[in-house]
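These are the residues of each chain, in order.
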Amino acid sequence: MLYWNEKKDLPLKEYCLKEYREFLKFNEDADCFIKLIENSLCDLKNFEKVNYARKFLSKDMLNSFIIVGELSFCLQKTLGSSVCKLKFSMDNMIKNKLIHPEITFFDYEKIPKIIKKPSKFHKSKNGYDIILFKYDEKYYKLVVKTTKNKKENFIKSLHLLNKDRYNKY
């Protein structure tokens, strides 16, 4: 039987959809899932590991989330969303950690600060995303999406930029 953590207290197939209350626990669980994936698939590229995780991990695991904050009315209106709460799904956290391993726990902890007061923001070309930028010792780019029915908002990705790329936006 496969377990999702070293304590072997919860088989993978018994994992239930979860709304996290603490970012530290959310981050720790994402790291456990990633460790499980990396131990099984050390020869694959990171984007291949993301695809594997989406096939291997249960939908409930991937759809688990934490509410990281609320969008301002201006950001909500730009996004065209009917709600202000912003969620970070386990699926996107795992994807982001695999694709952007340079981003630290402390960078992720700055997400509420980026949401609350971005230095600048733009609506993406697809119309479902807004891109928030913030300088806070590092240059951050946070992509936020709304669902097609406009009833949920999710973090899509967090990136670190260099000063030149930050200034291009």
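Everything here concerns the structure above.
Conventions used here
- Residues numbered from 1 in each chain as written.
- Predicted model: local features only at pLDDT ≥ 70, side-chain atom pairs only at ≥ 80, totals over all residues.
- Heavy atoms only, no water.
- Pairing = 2+ DSSP bridges.
- Helix = DSSP H or I, 4+ residues; strand = E, 2+ residues; numbered from the N terminus.
- Buried < 20%, exposed > 50% of the residue type's maximum accessible area, 1.4 Å probe, protein only.
- Contact = heavy atoms within 4.5 Å.
- Arc of directions from axis to C-beta.
- 1 Å grid on protein atoms, 1.4 Å probe; cavity = no way out; pocket = protein on both sides within 12 Å on 5 of 7 lines; lining within 4 Å.
- Points joined across faces, edges and corners; volume = space filled by probe spheres on them.
- Core = buried A, V, L, I, M, F, W, Y, C linked by side-chain atoms within 4.5 Å.
- Salt bridge = Lys/Arg side-chain N within 4 Å of Asp/Glu carboxyl O.

A. Here's a closer look at the sheet that holds strand E4 (residues 120–123). Taken in spatial order, the seven strands make up an open sheet running E1-E2-E3-E7-E6-E5-E4, and their pairing is mixed. Two strands bound the open sheet, and with one partner strand each, they are strand E1 (19–20) and E4. Alignment of strand E5 (residues 129–135) against strand E6 (residues 139–146), held across seven bridges, turns out to be antiparallel. When the sheet's bridge partners are listed, isoleucine 130 is paired in E6 with valine 144.

B. Layout of the environment of valine 68. Relative to the assigned elements, valine 68 resides in strand E2 (residues 65–70). Residue valine 68 is classed as buried on the basis of its relative accessible area, which comes to 12%. The contacts of valine 68, once residues within four sequence positions are left out, are Leu86, Phe88, Ile111, Pro112, Ile115 and Ile155.

C. Spotlight on helix H2 (residues 46–56). Within the sequence span of H2, burial applies to Lys49, Val50 and Ala53. Buried residues along H2 cover an arc of 105 degrees about the axis, so they all sit on one side.

D. Structural context of the layout of surface pockets. Roughly 160 Å³ of volume is contained in the largest pocket. In terms of lining residues, the largest pocket is bounded by Leu62, Asn63, Phe65, Ser89, Asp91, Asn92, Lys145, Glu152, Phe154 and Lys156. Mapped by element, the contributors of at least two residues to the lining of the largest pocket are helix H3 (59–63), helix H5 (90–99) and strand E7 (153–161).

E. Local environment of the nonpolar core. The biggest cluster of nonpolar side chains holds 35 residues, and the ones touching the most others in it are Phe88, Ile94, Ile111 and Leu142. The element best represented in this core is helix H1 (residues 23–40), accounting for six residues. Non-local contacts of phenylalanine 88, meaning those with residues more than four positions away in its chain, are made with Phe26, Ser64, Phe65, Ile66, Val68, Met93, Tyr108, Ile111 and Ile155.

F. A look at the side chain of histidine 100. Along the chain, histidine 100 falls in the loop between H5 and helix H6 (105–108). Taking relative accessible area as the criterion, histidine 100 reaches 15% and is therefore assigned buried. Beyond its immediate stretch of four places on either side in the chain, histidine 100 contacts Leu158 and His159.

G. Region of the structure containing the pattern of salt bridges. For the structure on display, the rule yields 10 salt bridges. Across the pair lysine 18 and aspartate 29 runs a salt bridge whose closest N-O atoms are separated by 3.7 Å. Here lysine 18, found in the segment before E1, pairs with aspartate 29, found in helix H1; they are 11 residues apart in sequence, far enough to count as distant. For the salt bridge of lysine 97 with aspartate 31, the shortest nitrogen-to-oxygen distance reads 2.8 Å. One end of the pair, lysine 97, is in helix H5; the other, aspartate 31, is in helix H1, and 66 residues separate them in sequence. Relative accessible area serves as the criterion here: at 35%, aspartate 31 is assigned to the partly exposed category. Ionic contacts of the salt-bridge type, sharing partners, join the residues Lys18, Lys25 and Asp29 into one network.

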